[in-house]
Amino acid sequence: MSVRVQEQDFDVSAELALMRLGNPKIGAIASFVGVVRDINEGDSVATMTLEHYPGMTEKAITEIIDQARGRWEVLDALVIHRVGTLKPTEQIVLVIVASTHRGDAFAACEFIMDFLKTQAPFWKKEITPNGARWVDARVTDSRAAERWSSVEKN
Amino acid sequence: MITLLYFARLREALGTGREELALPSDISTLGTLRDHLSKRGEAWAKEMAVGRNLRAAVNQDIATADTPIKDGDEIAFFPPVTGG
């Protein structure tokens, strides 16, 4: 299990290969990559700057991974989240979950991402033609996290 | 002393990201601390207002108005998170 908050980009293939190596129990690996979009709320986005709360960020994500491990079989998990200034098409976040079978890997990966969006202390500021603005939290993100409370443990 | 941290929109609106504060003796919860900070002036009154959508953490754990606070704590205030 690993959590990294960093400015530099990440190599998805390298991270997937690293997780797979040396653990013959792994039968499925699910991954998610979040990317900077060029349009948000109808405005074009030139760049985006991500701020976080050092210390709490790592702690919060580790707790989310622990919750996922309590619900599904998680053999290994990795979360990398970038901070600093990013441009459209750049990668922001990577979640990888390894399990014996795909069902657990898919579910745990989505769960971690849904809770990361609503619990991990990151904030986005966008630069648009109308100036800089802090991104507002989305109700749809809260709903995505809340739906897990009604999903049965498998 | 307690350490106060402010992030994102809040840090810009208040003009500070971090301060040390001697904990007043009549403050024992996050809610009473927020009320105390809201009396510092216009920007503070606006950002710390009860109706304002604000989140907080005590020692890096998400906290609510009735969370107890004590000397030595690290207390952070911030807007709803928008990572991922």
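Residues numbered from 1 in each chain as written. Chains lettered and ligands numbered in written order. Predicted model: local features only at pLDDT ≥ 70, side-chain atom pairs only at ≥ 80, totals over all residues.

**Describing the overall build of chain A**
Move 1: Counting secondary structure elements, chain A contains 4 helices and 10 strands.
Move 2: Reading the secondary structure of chain A in the N-to-C direction produces β-α-β-β-β-β-α-β-β-β-α-β-β-α.
Move 3: Over its C-alpha trace chain A gives a radius of gyration of 16 Å, about what one expects of a compact globule, namely 15 Å for 154 residues.
Move 4: Dimensions of chain A along its principal axes, counting C-alpha atoms only, are 50 × 35 × 30 Å.
Move 5: Sorting the 154 residues of chain A into buried and exposed places 34% on the buried side.
Move 6: Counting only contacts in chain A whose residues sit at least 6 apart along the sequence, the fraction spanning at least 24 positions is 76%. (Helix = DSSP H or I, 4+ residues; strand = E, 2+ residues; numbered from the N terminus. Rg over C-alpha atoms; globule rule 2.2 N^0.38 Å. Buried ≥ 20, exposed ≤ 12 C-beta atoms within 10 Å, placed from the backbone. Contact = placed C-beta atoms within 7 Å.)

**Examining the overall build of chain B**
Move 1: Scanning chain B from terminus to terminus reveals 3 helices and 5 strands.
Move 2: Secondary structure elements of chain B occur, N-terminal to C-terminal, as β-α-β-α-α-β-β-β.
Move 3: Summarising its shape, the C-alpha atoms of chain B cover approximately 35 × 30 × 20 Å along the three principal directions.
Move 4: Here chain B, with 84 residues, has 31% of them falling under the buried criterion.
Move 5: Sequence-distant contacts in chain B: of pairs separated by 6 or more residues, those separated by 24 or more amount to 54%.

**Topic: helix H2 (residues 56-71) of chain A**
In an α-helix, one turn spans 3.6 residues; hence positions three or four apart end up facing the same way.
Move 1: For H2 of chain A, spanning 16 residues, the distance from its first C-alpha to its last is 23 Å, which sits close to the expected 22 Å at 1.5 Å a residue.
Move 2: Residues of H2 of chain A that are buried: Met56, Thr57, Ala60, Ile61, Ile64, Ile65 and Ala68 of chain A.
Move 3: Buried residues along H2 of chain A sit against strand S1 (2-6), strand S5 (47-52), strand S6 (76-82), helix H3 (102-119) and strand S9 (122-128) of chain A together with strand S3 (55-58) of chain B. (Expected span 1.5 Å × (residues − 1).)

**What to know about the sheet that holds strand S7 (residues 84-86) of chain A**
Residues and elements named next belong to chain A.
Move 1: Spatially, the 4 strands line up as an open sheet ordered S7-S5-S9-S10, and their pairing is antiparallel. Each edge of the sheet is formed by a strand with only one pairing partner; in this case those strands are S7 and strand S10 (131-134). Taken over all neighbouring pairs, the strand axes of this sheet differ in orientation by 25 degrees on average, direction set aside. (Pairing = 2+ DSSP bridges. Axes fitted to C-alpha atoms, helices over the stretch in contact; angles between N-to-C directions.)

**Overview of the environment of Ala13 of chain B**
Residue and element names in this part refer to chain B.
Move 1: Following the sequence through the fold, Ala13 ends up in helix H1 (residues 8-14).
Move 2: Considering only alpha carbons, one finds Ala13 and Asp66, 53 residues apart in sequence, at a separation of 25 Å.
Move 3: Sequence-distant contacts of Ala13, that is, excluding residues within four places in its chain, are made with Ala43 and Glu47.

**Quick notes on the packing of H2 of chain A against H3 of chain A**
Residues and elements named next belong to chain A.
Move 1: Across the interface, H2 lies against H3 with an axial gap of 9 Å and an inter-helix angle of 145 degrees. Relative to H3, the crossing made by H2 is right-handed. Between H2, through Ala60, Ile61, Ile64, Ile65 and Ala68, and H3, the contact on the second element is made entirely by Ala108, Phe111, Ile112, Phe115, Leu116 and Gln119. (Left-handed = near helix turned anticlockwise from the far one by under 90°.)

**Topic: the nonpolar core**
Residue and element names in this part refer to chain A.
Move 1: Counting 57 residues, the largest nonpolar core has Val97, Ala108 and Ile112 as the members making the most contacts within it.
Move 2: The leading source of residues in this core is H3, at 8 residues.
Move 3: If we ignore the near neighbours within four places in the chain, the residues touching Val97 are Ala30, Val74, Ala77, Ala105, Ala108, Cys109 and Ile112. (Core = buried A, V, L, I, M, F, W, Y, C linked by C-beta atoms within 7 Å.)

**Section: unusual backbone geometry**
All names here are of chain B.
Move 1: Phi at Asn59 takes a positive value of approximately 50 degrees, unusual for a residue other than glycine.
Move 2: Along the chain, the position of Asn59 falls in the loop between S3 and strand S4 (61-63).
Move 3: On the basis of neighbour counts, which here come to 17 C-beta atoms within 10 Å, the residue Asn59 falls in the partly exposed class.
Move 4: Phi is positive for Gln60, which is not a glycine, with a value near 70 degrees.
Move 5: Looking at where Gln60 falls in the secondary structure, it is placed in the loop between S3 and S4.

**Things to note about helix H2 (residues 30-37) of chain B**
Residues and elements named next belong to chain B.
Move 1: Here H2 has its buried residues at Leu30, Leu33, Arg34 and Leu37. Buried residues of H2 fall within an arc of 100 degrees about the axis and therefore sit on the same side.
Move 2: On its buried face, H2 is in contact with helix H3 (42-47), S3, S4 and strand S5 (74-78). (Arc of directions from axis to C-beta.)

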